[in-house]
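# Architecture and fold: a report
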Amino acid sequence: DTGIRTDRIEKVREIVSGMLEEVPDAALRAEGYVHMFGVAQACVLLAMRRGEDVELAAVAGYLHDIATYSTGDSAGHARRGAEMARRILEETGLFSEKETGAICTAILFHSDKKSEHGPLEEILKDADVMQHCLYDPGYVAKKEKDRFKKLRKELKLS
């Protein structure tokens, strides 16, 4: 028994899928699935590697860009996403205030790739970078180069 409540992860995944199904632009909808589900998977991998809470990391990954894909607008998406995630998590009634706060804080800071924050925030930032780089291995954004270099070293990827 892993102690992970897969029912909570599944509920969040259902909510995110439902939101993505409402995205009228097929290309944006597909991008949302690939990115948000990919980041959630990378969060799980990094949380396992770093000995952190896998479940909270997965949920943060699924919700981190909810504002961008639900509205089609990425301006201020980290702050807006944290607010949306808080409402979503509270509505489920499945997460404590402490868990909700941790997830929403990670989402709030996930775009700040240059600063260091707590373990969950760093997992989400690194998972976001990892998914960008796995999606397009030939391109690493300038603001993500240092973080990607550290990730490659941590994961022993030449």
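This report concerns the structure included in the present document.

What counts, and where the lines are drawn
- Residues numbered from 1 in each chain as written.
- Predicted model: local features only at pLDDT ≥ 70, side-chain atom pairs only at ≥ 80, totals over all residues.
- Heavy atoms only, no water.
- Helix = DSSP H or I, 4+ residues; strand = E, 2+ residues; numbered from the N terminus.
- Rg over C-alpha atoms; globule rule 2.2 N^0.38 Å.
- Buried < 20%, exposed > 50% of the residue type's maximum accessible area, 1.4 Å probe, protein only.
- Contact = heavy atoms within 4.5 Å.
- Lys, Arg positive; Asp, Glu negative; His and termini not counted.
- Charge placed at Lys NZ, Arg CZ, Asp CG, Glu CD.
- Phe/Tyr/Trp six-rings, centres within 6.5 Å; stacked < 30°, edge-to-face > 60°.
- Core = buried A, V, L, I, M, F, W, Y, C linked by side-chain atoms within 4.5 Å.

## Observations regarding the overall build of the protein
Each helix and strand in the protein was counted, giving 8 helices and 0 strands. Its helices and strands taken in sequence order, the protein reads α-α-α-α-α-α-α-α from the N to the C terminus. For 158 residues, the compact-globule estimate of 2.2 N^0.38 gives 15 Å, and the C-alpha radius of gyration of the protein, at 15 Å, lies within 12% of that figure. Dimensions of the protein, computed from the C-alpha atoms along their principal axes, are close to 40 × 40 × 25 Å. Classification of the 158 residues of the protein by burial places 46% in the buried group. Across the protein, the fraction of contacts at a sequence separation of at least 24, relative to all contacts at a separation of at least 6, is 57%. The protein carries 24 positive and 28 negative side-chain charges, and their two centres are separated by 7 Å.

## Thoughts on the packing of aromatic side chains
Within the structure shown, the criterion is met by 2 aromatic pairs. Relative to F37, the ring of Y33 lies with its centre 5.4 Å away and its plane at 55°, an arrangement referred to as tilted. Of the two residues, Y33 and F37 both sit in helix α2 (residues 26-50), 4 residues apart, roughly one turn of that helix. Residue Y33 is classed as partly exposed on the basis of its relative accessible area of 24%. Measuring from ring centre to ring centre gives 5.1 Å for F37 and Y62, while their planes differ by 85°; the resulting arrangement is edge-to-face.

## Observations regarding the nonpolar core
Among the nonpolar cores identified, the biggest contains 45 residues, and V12, V16, L20, V59, L63, L89 and I103 are the most heavily contacted of them. Only α1 (6-21), α2, α3 (54-63), α4 (66-71), α5 (77-92), α6 (97-109), α7 (119-135) and α8 (145-154) provide two or more residues apiece to this core.

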